[in-house]
Amino acid sequence: MNPSLSAIVVMGVAGCGKSSVGAAIATRSGGRLIEGDAFHPAANIAKMSAGIPLNDDDRAGWLVRLGQELQATLAAGERPILTCSALKRRYRDTLRQAVPELCFVFLELTPQEAEKRVLARPGHFMPASLIDSQFAALEPPHAEPLTLALDATRPLTTLAEDVHQWLKPCGERALARTA
């Protein structure tokens, strides 16, 4: 396992496919999938279920907890593949404080496609009414180091293969920082 890319966050707005792509990456490239949504406190889930967007304060403790889970997974000798919206730079920086060489896979799609996907997934606490707030909060990580942006509408196997190919040459730090 390449130590400079030992932890990955699959990020983006609701409906971009974080869980599906994260699972495919874990299968294709190795690692343990960590569903970020599973770490939300009950108050956050209740708020989102009621159609109320989370604010920075709501997310603060959740992000710290996710950073701790990343560290614990690394300490156990595993590569964590975390699914987390990580919409703002400051959220990503909180995660980077826990794991400085953290790698991000940003799944991009349009608001229309995100809404279509969220409406099609039954039983999730995130309603389609919150899609606009997700895009309003989104600060795309295009110029950030160790970040790969992908079109989330591409086939799942293609996305996992793209990430696998991106991870392979990243032993050379110069390549990793410009991927």
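Note that the coordinates shown come from a computational prediction; the quantities given were computed from them, not determined experimentally.

Quick notes on the rules
Residue numbers here run from 1 along each chain, matching the order of that chain's written sequence. Per-residue local features of the predicted model are confined to residues with pLDDT of at least 70, and side-chain atom pairs are confined, for both listing and counting, to 80 or more; whole-chain, interface and lining totals are unaffected and use all residues. The side-chain numbers reported here are obtained from all heavy atoms of the structure, hydrogens and water having been left aside. To qualify as a helix, a DSSP run of H or I must reach at least 4 residues; to qualify as a strand, a run of E must reach at least 2; elements of each kind are numbered from the N terminus. A helix is expected to span 1.5 Å for every residue after the first. Each residue's exposure class comes from its accessible area (1.4 Å probe, protein chains only) as a fraction of the maximum for that residue type: buried when under 20%, exposed when over 50%, partly exposed otherwise. Comment: arc refers to directions from the helix axis out to C-beta atoms. Two N or O atoms form a polar contact when they lie within 3.5 Å of each other; inside protein one atom must be a possible hydrogen donor and the other a possible acceptor, and for residues adjacent in sequence the pair counts only when both atoms belong to side chains. In this scheme, strands are said to pair when DSSP sees at least two bridges between them. pLDDT is defined as a per-residue confidence score from the predictor, taking values between 0 and 100. In this analysis, two residues are considered to be in contact whenever any of their non-hydrogen atoms come within 4.5 Å of each other. To get an axis, fit a line to the C-alpha atoms, keeping to the stretch in contact for a helix; angles then go from 0 to 180 degrees between the N-to-C directions. Should an angle lie under 35 degrees it is considered roughly parallel, over 145 roughly antiparallel, and from 65 to 115 roughly perpendicular; all remaining angles are considered oblique. For a crossing to be left-handed, the near helix must be turned anticlockwise from the far one by less than a right angle; the clockwise case is right-handed.

**Quick word on helix H3 (residues 56-75)**
Inference 1: For H3, with 20 residues, the first-to-last C-alpha span of 28 Å sits near the 28 Å given by 1.5 Å per residue.
Inference 2: Taken together, the buried positions of H3 are Asp 58, Arg 59, Trp 62, Leu 63, Leu 66, Gly 67, Glu 69, Leu 70 and Thr 73. Considered in projection along H3, the buried side chains sweep an arc of 160° and stay on one side of the axis. Facing away from the buried side of H3, by more than 90 degrees, are the exposed residues Asp 57 and Ala 75.
Inference 3: Put simply, Asn 55 is the residue that caps the front of H3, since its side-chain oxygen is 2.9 Å from the backbone nitrogen of Asp 57.
Inference 4: Just downstream of H3, Gly 77 is the residue with a positive phi angle, here 85°.

**Thoughts on the pairing of strand E1 (residues 8-11)**
Inference 1: Of the two faces of E1, the one lined by Ile 8 and Val 10 and the one lined by Val 9 and Met 11 are each fully buried.
Inference 2: Bridging between E1 and strand E3 (residues 80-83) involves three bridges; their strand directions are parallel. Looking at the pairing, Val 9 lines up with Leu 82 of E3.

**A closer look at the confidence of the model for the protein chain**
Inference 1: Mean pLDDT for the protein chain: 86, with 86% of residues reaching 70 or above.
Inference 2: Across the protein chain, the secondary-structure element scoring lowest on mean pLDDT is helix H8 (residues 173-178), at 34, and the one scoring highest is helix H4 (residues 89-98), at 97.

**A short note on the environment of Leu 107**
Inference 1: Examined against the element boundaries, Leu 107 turns out to sit in strand E4 (residues 103-108).
Inference 2: Distance in space between the C-alpha atoms of Leu 107 and Val 21 is 8.9 Å, their sequence separation being 86 residues.
Inference 3: Leaving out residues up to four positions away in the same chain, Leu 107 has contacts with Val 10, Met 11, Gly 12, Cys 16, Gly 17, Lys 18, Val 21, Leu 150 and Ala 152.

**Things to note about the packing of helix H1 (residues 18-29) against helix H7 (residues 156-167)**
Describing two packed helices takes the angle between their axes plus the distance from one axis to the other.
Inference 1: Two elements in contact, H1 and H7, have axes whose closest approach is 9 Å; the angle formed by their N-to-C orientations is 55°. By the angle between their axes, H1 is oblique relative to H7. As H1 runs across H7, the sense of the crossing is right-handed. Facing H1, whose interface residues are Ser 20, Val 21, Ala 24, Ile 25, Arg 28 and Ser 29, H7 presents Leu 156, Leu 159, Ala 160, Glu 161, Val 163, His 164, Gln 165 and Leu 167.

**Brief notes about the sheet that holds strand E5 (residues 147-151)**
Inference 1: One open sheet holds the five strands; their spatial order is E2-E3-E1-E4-E5, and the pairing between them is parallel. Each having just a single partner strand, strand E2 (32-35) and E5 make up the two edges of the open sheet. The average angle at which neighbouring strand axes cross in this sheet is 20°, direction not considered.
Inference 2: Where E1 lies against E4, four bridges are found, and the strand directions are parallel.

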